[in-house]
Amino acid sequence: MAAIIIIPILVVAIIGLSGYLAYRFVIYDLYCKRSVNQSLRKYNIKKTPSQIIKEYYENKGESISHQEIRNLEKNYRQNEPEQFLTMYDAIREYQKDKENN
């Protein structure tokens, strides 16, 4: 008798949990990635987020690995998407200063 109630509750809980995890780790990241790419396209920026991060840190004189770039890209993409525009502006300023000197 208890199995009649417990089994459907467990099935619904498993489906709900798997749906939440799929959203949190896959769909949300894809949505954030699409949003960042649209913002870059809106401002006619031809670089990818990873290229922006790599060039920004190279201009600062820091060498970071590909894995660190991927981690930073995901963090910025999900938590601080405006960082890409800020870093791109810093790259442009660095290039202007470099050309003027």
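Analysis parameters
- Residues numbered from 1 in each chain as written.
- Predicted model: local features only at pLDDT ≥ 70, side-chain atom pairs only at ≥ 80, totals over all residues.
- Heavy atoms only, no water.
- Core = buried A, V, L, I, M, F, W, Y, C linked by side-chain atoms within 4.5 Å.
- Buried < 20%, exposed > 50% of the residue type's maximum accessible area, 1.4 Å probe, protein only.
- Helix = DSSP H or I, 4+ residues; strand = E, 2+ residues; numbered from the N terminus.
- Expected span 1.5 Å × (residues − 1).
- Bend = angle between axes of the 7 residues up to and from the residue.
- Contact = heavy atoms within 4.5 Å.
- Arc of directions from axis to C-beta.
- Axes fitted to C-alpha atoms, helices over the stretch in contact; angles between N-to-C directions.
- Parallel < 35°, antiparallel > 145°, perpendicular 65-115°, else oblique.
- Nonpolar A, V, L, I, M, F, W, Y, C, P; charged D, E, K, R; others polar.
- Phe/Tyr/Trp six-rings, centres within 6.5 Å; stacked < 30°, edge-to-face > 60°.

(A) Expanded view of the nonpolar core. In this structure, V36, L40, I45, I52, I53, Y57, I69, Y76, F84, M87, Y88 and I91 together form the largest nonpolar core, which totals 12 residues. A per-element tally of this core places helix 4 (residues 83-100) first, with 4 residues.

(B) Highlighting helix 1 (residues 2-42). With 41 residues, helix 1 extends 57 Å between its outermost C-alpha atoms, agreeing within 8% with the 60 Å of an ideal straight helix rising 1.5 Å per residue. The axis of helix 1 is deflected most strongly, by about 40°, at Y23. Those residues of helix 1 that fall on the buried side of the exposure criterion are D29, C32, V36 and L40. Contact partners of the buried residues in helix 1: helix 2 (49-59), helix 3 (66-79) and helix 4. Positive phi shows up at N44, right after helix 1, with a value of about 60°.

(C) The arrangement of helix 4 in detail. Taking 1.5 Å as the rise per residue, helix 4 with 18 residues should run 26 Å; its terminal C-alpha atoms sit 26 Å apart, in good agreement. Listed in full, the buried residues belonging to helix 4 are F84, M87, Y88 and I91. Along helix 4, the residues classed as buried sweep out an arc of 100° about the axis, all on the same side.

(D) Broad picture of the packing of helix 1 against helix 3. Contact pair helix 1 / helix 3: the axes reach a minimum separation of 9 Å and the direction vectors enclose 85°. Considering the angle they form, helix 1 stands roughly perpendicular to helix 3. Every residue of helix 3 that contacts helix 1 at Y28, D29, C32, K33 and V36 is listed here: K74, R77 and Q78. Considered class by class, the residues forming the contact of helix 1 with helix 3 number 3 nonpolar, 1 polar and 4 charged.

(E) Highlighting the packing of aromatic side chains. Enumeration over the complete set of coordinates arrives at 3 aromatic pairs. With a centroid separation of 6.1 Å and an interplanar angle of 55°, the aromatic rings of Y23 and Y28 are classed as tilted. Taking relative accessible area as the criterion, Y28 reaches 22% and is therefore assigned partly exposed. On the numbers, 6.1 Å between centres and 90° between planes, the contact of Y76 with F84 is edge-to-face. The exposure class assigned to Y76 is buried, which follows from its relative accessible area of 10%. The exposure class assigned to F84 is buried, which follows from its relative accessible area of 1%.

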